[in-house]
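One-letter residues, chain by chain:
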Amino acid sequence: MIIDKDLTRYVKLVLAAILSGAVTIFVVINSGYLQFLDSAIIGSVQKDQSGWLNGLYTFITNLASPKIGIIWVLIMAFFLWGTKYKVPAIWAICTLIGGDAVGYIIKHLVQRPRPIFHLAHDTGFSFPSGHVLNTFLLIGIIWVIVLPIIKSRKKVLIIQICTIIFMILVMLSRIYLNAHYPTDTIGAVCFGYTWLQVGQLLYVYFAPIIKNNVKLVNHSYI
């Protein structure tokens, strides 16, 4: 299988869940430590107010919109399906949409207000960042499902470097544009990693069952 059994995944899941819970609790109680961390990072990120930087981050944040992310995962799933990776294609769609749904629920449970001076079109609650969560999951899907299919180690390395850079730029763009506090983006990464571990555990268990019992995908690679 593309995603193999990994006993350390349970450890990763527990640690990620604990970290996600800790960040959430600190946000809910409005911890002074988090306020200090947010202020320090915001001051550093927003120090340079160059016009070209504003344009770059606006472009990045639009490119990382959750709606765009869904389009990207559907395109990815289309090509996976066409190359007989039908079960991974289904997993990719479910992982992204499921993760976005979890993020939406957490937003409405925590109900953290947006930073002051956020843009008018950035509505809703602030924690965790939907853009960062969606992007992290999309990149995670690429790493878990797509990269193992690519034979060239050079191409894999290039994709890994590019996706890491893009992830960082998305996080910075949300802070720079006052759409989120830095801890919103950190929390989104924590939740994204946790959900990705859950998704991989589910894949290992359900992928063979789906392949053997659903005619539509019984010729799929898993």
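The numbers attached to residues start from 1 for each chain and follow its sequence in the written order. With pLDDT at 70 or above as the cut-off, local features in this predicted model cover only qualifying residues; side-chain atom pairs require 80 or more to be listed or tallied, and sums for whole chains, interfaces and linings still use all residues. Only hydrogens and water are set aside when side-chain values are computed; all heavy atoms of the structure are taken into account.

Q: Would you take a moment to explain the overall build of the protein chain for this structure?
A: Only DSSP runs of H or I reaching four residues or more are called helices, and only runs of E reaching two or more are called strands; each is numbered from the N terminus. Per the secondary structure count, the protein chain includes 8 helices and 0 strands. Within these notes, the globule rule equals 2.2 Å times the number of residues to the 0.38 power, and the radius of gyration is based on C-alpha atoms. Taken against the 2.2 N^0.38 rule, which gives 17 Å for 222 residues, the C-alpha radius of gyration of the protein chain at 18 Å falls within 12% of a compact globule. Taking the principal axes of its C-alpha atoms as reference, the protein chain extends roughly 55 × 35 × 30 Å. Whether two residues are in contact is decided by their heavy atoms: any pair within 4.5 Å suffices. At a minimum sequence separation of 6, the contacts of the protein chain that also span at least 24 residues come to 79%. The Shrake-Rupley method, run with a 1.4 Å probe sphere, supplies the accessible areas, and residue values consider only the shown protein chains as cover. For the protein chain, the accessible area works out to roughly 12,300 Å², and carbon and sulfur atoms hold 73% of it. Each charge class in the protein chain was averaged separately, 17 positive and 7 negative side chains, and the resulting centres sit 14 Å apart. The convention is simple: Lys and Arg are positive, Asp and Glu are negative, and His and the chain ends are not counted. Charge placement uses NZ in Lys and CZ in Arg. For Asp and Glu, CG and CD serve respectively.

Q: Hey, could you run me through the pattern of salt bridges in this one?
A: Opposite charge on two side chains permits pairing when their charged atoms draw close. Each reported salt bridge corresponds to a side-chain nitrogen of Lys or Arg within 4 Å of a carboxyl oxygen of Asp or Glu. A complete count under the given rule lists 3 salt bridges for this structure. Of the charged contacts in the structure, one is a salt bridge between aspartate 6 and lysine 12, with a shortest N-O distance of 3.8 Å. Remark: exposure states derive from per-residue accessible area (1.4 Å probe, protein chains only) relative to the maximum for the residue type, with buried under 20%, exposed over 50%, and partly exposed in between. Residue classification places aspartate 6 among the partly exposed residues on the basis of a relative accessible area of 25%. Classification of lysine 12 as partly exposed rests on a relative accessible area of 34%. In this structure, the salt-bridge partner of aspartate 38 is arginine 112, at a minimum N-O distance of 3.0 Å. Within this pair, whereas aspartate 38 is found in helix α2 (residues 32-45), its partner arginine 112 is found in the loop between α5 (86-110) and α6 (130-146), the two being separated by 74 residues in sequence.

Q: How should I be thinking about the UniProt feature "transmembrane region" (unreviewed entry) in the protein chain in this particular structure?
A: If you check UniProt for "transmembrane region" (unreviewed entry), the listed places come out as residues 12-36, 56-82, 89-110, 130-150, 157-179 and 185-206 in our numbering. The distance from the first to the last C-alpha atom of residues 157-179 is 31 Å, and the span holds 87% helix and 0% strand. Its end C-alpha atoms 31 Å apart, residues 185-206 is made of 100% helix and 0% strand. UniProt positions are given in the numbering used here, feature names are shortened, and annotations may be inferred rather than shown by experiment.

Q: Would you mind going over the packing of α5 against helix α8 (residues 182-213) with me for this structure?
A: Any two packed helices are characterised by the angle at which their axes cross and by the distance between the axes. The geometry of α5 relative to α8 is characterised by a closest axis approach of 10 Å and an angle of 145 degrees between their N-to-C directions. Where α5 crosses over α8, the handedness of that crossing is right-handed. Each of Val87, Pro88, Trp91, Thr95, Gly98, Gly99, Val102 and Ile106 in α5 lies in contact with α8, whose residues at this interface are Phe191, Trp195, Leu196, Gly199, Gln200, Tyr203, Ala207, Ile210 and Lys211. The classification used treats Ala, Val, Leu, Ile, Met, Phe, Trp, Tyr, Cys and Pro as nonpolar, Asp, Glu, Lys and Arg as charged, and all other residues, Gly among them, as polar. Of the residues assigned to the contact of α5 with α8, the class counts are 11 nonpolar, 5 polar and 1 charged. For every element, the axis is a line fit to its C-alpha atoms; helices are fit only across the contacting stretch, and the angle between N-to-C directions ranges from 0 to 180 degrees. Each crossing gets its handedness from the near helix: less than a right angle anticlockwise from the far helix is left-handed, clockwise is right-handed.

Q: Can you help me understand the packing of helix α1 (residues 8-28) against α8 in this one?
A: It is at 9 Å that the axes of α1 and α8 come closest, and there the two elements cross at 150 degrees. Classified by the angle their axes make, α1 and α8 are roughly antiparallel. In the crossing of α1 with α8, the sense of the turn from one axis to the other is left-handed. Contact residues: α1 offers Arg9, Tyr10, Lys12, Leu13, Ala16, Ala17, Leu19, Ser20, Val23 and Thr24, while α8 offers Thr183, Gly187, Cys190, Phe191, Tyr193, Thr194, Gln197, Val198, Gln200, Leu201 and Val204. Angles below 35 degrees are treated as roughly parallel, those above 145 as roughly antiparallel, those between 65 and 115 as roughly perpendicular, and all remaining angles as oblique.

Q: Is there a simple way to explain unusual backbone geometry in this structure?
A: Most of the time, phi is negative for any residue but glycine, and the peptide bond is trans. Cis geometry marks the peptide bond from phenylalanine 127 to proline 128, where omega comes out at -5 degrees. Backbone geometry at asparagine 30 places phi at a positive 55 degrees, although glycine is not the residue there. Structurally, asparagine 30 is set in the loop between α1 and α2.

Q: For this particular structure, what's the right way to read the side chain of arginine 174?
A: Mapped onto the fold, arginine 174 is located in helix α7 (residues 153-176). Classification of arginine 174 as buried rests on a relative accessible area of 2%. Here a polar contact is taken to be a pair of N or O atoms separated by no more than 3.5 Å, where protein atoms must pair a possible hydrogen donor with a possible acceptor and residues adjacent in sequence count only if both atoms sit in side chains. At 3.4 Å, the side chain of arginine 174 and the side chain of histidine 131 are in polar contact. Non-local contacts of arginine 174, meaning those with residues more than four positions away in its chain, are made with Thr61, Arg114, Asp122, Ser129, His131, Val132, Ala179, His180 and Thr185.

Q: What is the right way to look at the nonpolar core in this model?
A: What tends to happen in soluble globular proteins is that the nonpolar side chains get buried as a cluster. Core analysis: the largest hydrophobic core is formed by 44 residues, its most contacted members being Ile3, Trp91, Phe127, Ile141, Ile145 and Tyr203. Broken down by element, this core gets its largest block of residues, 10 residues, from α6. By nonpolar core we mean a set of buried residues, namely Ala, Val, Leu, Ile, Met, Phe, Trp, Tyr and Cys, connected to one another through side-chain atoms within 4.5 Å. Leu53, Tyr57, Ile175 and Tyr176 belong to the second-largest nonpolar core, a separate cluster that totals 7 residues.

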